[in-house]
Amino acid sequence: MNFDPTDEQEQLRDAVRALGRRYGHDYFVAKARAGEHTTELWAEAGRLGYLGVNIPAEYGGGGGGITELAIVCEELAAAGCPLLLLVVSPAIAATVINRHGTEAQRKRFLPGFADGSLKVVFAITEPEAGSNFHRLGTVARRDGDDWLLSGRKCFISGVDEAKYVLVVARTEDATTGRLKPALFVVPADAPGLTRSKLDMEIVSPENQFLLYLDDVRLPADALVGESVDAGLPALFSGLNPERITVAAMGAGTGRYAIERASTYTATRKVWGGRSIGSHQGVSHPLAHAAVQVELARLMIYKAATLYDAGRDLEAGVSANMAKYATGEAAALAVDTAVQVHGGAGMTTEYGVATLLGAVRAGRIAPVSREMILNYVAQHVLNQEKSY
Ligand SMILES: Cc1cc2nc3c(=O)[nH]c(=O)nc-3n(C[C@H](O)[C@H](O)[C@H](O)COP(=O)(O)OP(=O)(O)OC[C@H]3O[C@@H](n4cnc5c(N)ncnc54)[C@H](O)[C@@H]3O)c2cc1C
């Protein structure tokens, strides 16, 4: 058993932390309030190679794994800049294309992921399907060599910033006639693809959208992989990176909140000479949240280590547990940070209540806490499925 990161991982962590702190939570909130994106931060992180740490070196990336990408997600969030597009673009979309795309697709897309110049977002959720992706209704039909995609997607993050949307659709299986999943790289400005922005109660420069696909015509090579048979394994290949990096983002957010809160409680005095942090009614909830965040971090890096070692099945259990634990720990940390700030906790200035919406959403998306409990009940505890 080894809990020590490598020297390169330590250096990456220090460097990303320094970058994140130069921007900070005030920058993140100002961008969100102005309806703008974190373009400068994303571009600089891309130039420094942090957005492509998990892309193979032969395509211009850092040649690392999901462990390195989790470090980037965690440290930017710990500096107050939780970037959800790190989860959808380099973690999900790049992994799917790297592992299941054709060589031509790897050559075409991976260099852009490597330097951060390319953002590809991910569209699976649908109004009628939700947690149950078996009910997906977005259908891809063949029309000569082309594909025609029709359907609706909801809550799709970052479509306004992305060049492509990785859309999960269904094709008719030629042998059985049953529908099976297939993934398509769809230009965000493709004719027939329209979007409308959802109003979300989350302070974030990243937005969610409803997407409408109305006979969107795509060339044959928009299909990820050599054939539709790549669809199911490609879809599953994105899940562990998604859960691990979103958990890392949550852990970073939890750390950020606890750091803000403990700095405040160590200096705030309202009962003579003692700080409010000297009262255990204040310090214990913070210490409890710190324990929960640190426990979640252990599971994140266990999952990332298993995943990078190619042990996908074991990584699946740990990645789900890490996502669950971090969702709860981050929500607890931010709520506790608000509480120990008193009234100041609800101001924008102290930079903690601004994260309430994001951590609340972290218990629902990208996979809800209930669906993770279902997974653990079935796959770890061997319980019968109820649905
Ligand atoms: C901020 C944000 C960003 C998002 N970004 C993206 C994105 O980029 N791309 C994308 O495709 N999607 C995205 N999503 C969608 C997200 O993945 C879904 O919201 C999530 O998977 C839950 O699906 P649903 O909202 O349809 O809930 P539903 O499936 O309708 O579920 C509602 C509630 O019922 C519970 N439930 C449902 N079935 C069961 C069951 N069998 N057992 C126990 N409980 C159950 C759920 O846990 C949940 O609490 C995003 C969502 C949010 C909030």
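Everything below is about the structure printed above this text.
Thresholds applied
Residues numbered from 1 in each chain as written. Predicted model: local features only at pLDDT ≥ 70, side-chain atom pairs only at ≥ 80, totals over all residues. Helix = DSSP H or I, 4+ residues; strand = E, 2+ residues; numbered from the N terminus. Rg over C-alpha atoms; globule rule 2.2 N^0.38 Å. Buried ≥ 20, exposed ≤ 12 C-beta atoms within 10 Å, placed from the backbone. Contact = placed C-beta atoms within 7 Å. Pairing = 2+ DSSP bridges. Near = placed C-beta within 6 Å. Nonpolar A, V, L, I, M, F, W, Y, C, P; charged D, E, K, R; others polar. Domains from an automatic or database assignment. Axes fitted to C-alpha atoms, helices over the stretch in contact; angles between N-to-C directions. Parallel < 35°, antiparallel > 145°, perpendicular 65-115°, else oblique. Left-handed = near helix turned anticlockwise from the far one by under 90°. Core = buried A, V, L, I, M, F, W, Y, C linked by C-beta atoms within 7 Å. Expected span 1.5 Å × (residues − 1). Bend = angle between axes of the 7 residues up to and from the residue.

Colleague: Where do I start with the overall build of the chain in this structure?
Modeller: Within the chain one finds 11 helices and seven strands. Taken against the 2.2 N^0.38 rule, which gives 21 Å for 387 residues, the C-alpha radius of gyration of the chain at 21 Å falls within 12% of a compact globule. Expressed along its principal axes, the backbone C-alpha trace of the chain runs to roughly 80 × 45 × 40 Å. By the burial criterion, 49% of the 387 residues in the chain qualify as buried. In the chain, the proportion of contacts linking residues at least 24 apart, taken out of those at least 6 apart, comes to 72%.

Colleague: Honestly, the pairing of strand 1 (residues 120-123) in this entry has me stumped. Any pointers?
Modeller: Alternating positions in strand 1 separate into two faces, Val-120 and Phe-122 on one and Val-121 and Ala-123 on the other, with burial throughout. Looking at chain direction, strand 1 and strand 4 (residues 164-172) are connected through four bridges and run parallel. Looking at the pairing, Ala-123 lines up with Val-167 of strand 4.

Colleague: Whenever I open this one, the site of the ligand confuses me. Can you help?
Modeller: As a matter of local geometry, the ligand sits amid 23 residues, with Gly-130, Ser-131, Ala-365, Ser-368 and Glu-370 nearest to it. Secondary-structure elements contributing two or more residues to the shell around the ligand are strand 1, strand 3 (146-157) and helix 11 (369-379). Its residues assigned to classes, the shell around the ligand comprises 15 nonpolar, seven polar and one charged. Mapped onto the domain boundaries, the shell around the ligand takes at least three residues apiece from domain 2 (122-228) and domain 3 (235-268 + 275-379).

Colleague: Can you help me understand unusual backbone geometry in this one?
Modeller: Where the residue is not glycine, phi is negative for most of them; where a peptide bond is considered, it is trans in most cases. Note the cis peptide between Ala-365 and Pro-366, where omega equals -5°. Looking at where Pro-366 falls in the secondary structure, it is placed in the loop between helix 10 (356-361) and helix 11. One non-glycine residue, Phe-155, lies in positive phi territory at about 65°. For Phe-155, the position within the fold is in strand 3. One non-glycine residue with positive phi stands out, namely Asp-215, at about 50°. On the neighbour-count criterion, Asp-215 (11 C-beta atoms within 10 Å) is exposed.

Colleague: I keep staring at the packing of helix 7 (residues 239-267) against helix 9 (residues 312-340) and nothing clicks. Help me out?
Modeller: For any two helices packed against each other, one specifies the crossing angle of their axes together with the interaxial distance. One can describe the packing of helix 7 onto helix 9 by two numbers: an axis separation of 7 Å at closest approach and a directional angle of 25°. When the axis of helix 7 is compared with that of helix 9, the two are roughly parallel. The chirality of how helix 7 crosses helix 9 is left-handed.

Colleague: When you look at the nonpolar core in this model, what are you seeing that I'm missing?
Modeller: Nonpolar side chains tend to gather and get buried jointly when the protein is soluble and globular. Ranked by size, the top nonpolar core spans 120 residues in total, and within it Leu-166, Phe-184, Val-186, Ile-244, Ile-300 and Val-334 carry the most contacts. Sort the elements by how many residues they give to this core and helix 9 lands first, with 14 residues. Those residues in contact with Ile-244 that lie beyond four places of it in its chain are Ile-66, Ala-70, Ile-300, Ala-303, Ala-304, Tyr-307, Ala-319 and Ala-322.

Colleague: Can you help me understand helix 1 (residues 7-33) in this one?
Modeller: One turn of the α-helix equals 3.6 residues, which is why residues spaced by three or four share an orientation. Compared with an ideal rise of 1.5 Å per residue, which puts 27 residues at 39 Å, helix 1 spans 38 Å between its outermost C-alpha atoms and is within 8% of the ideal. Residue Gly-24 marks the point of greatest curvature in helix 1, where the axis turns by about 60°. Against the buried residues of helix 1 lie helix 3 (66-78). Phi turns positive, to about 70°, at Gly-35, one or two residues after helix 1.

Colleague: I tried to follow the packing of helix 9 against helix 11 on my own but got confused; where do I start?
Modeller: Between helix 9 and helix 11, the shortest axis-to-axis distance is 10 Å and the interhelical angle comes to 145°. The two elements helix 9 and helix 11 cross, and the hand of that crossing is left-handed. Side by side, helix 9 and helix 11 meet where Val-317, Asn-320, Met-321, Lys-323, Tyr-324 and Gly-327 of the first sit next to Arg-369, Ile-372, Tyr-375, Val-376 and His-379 of the second.

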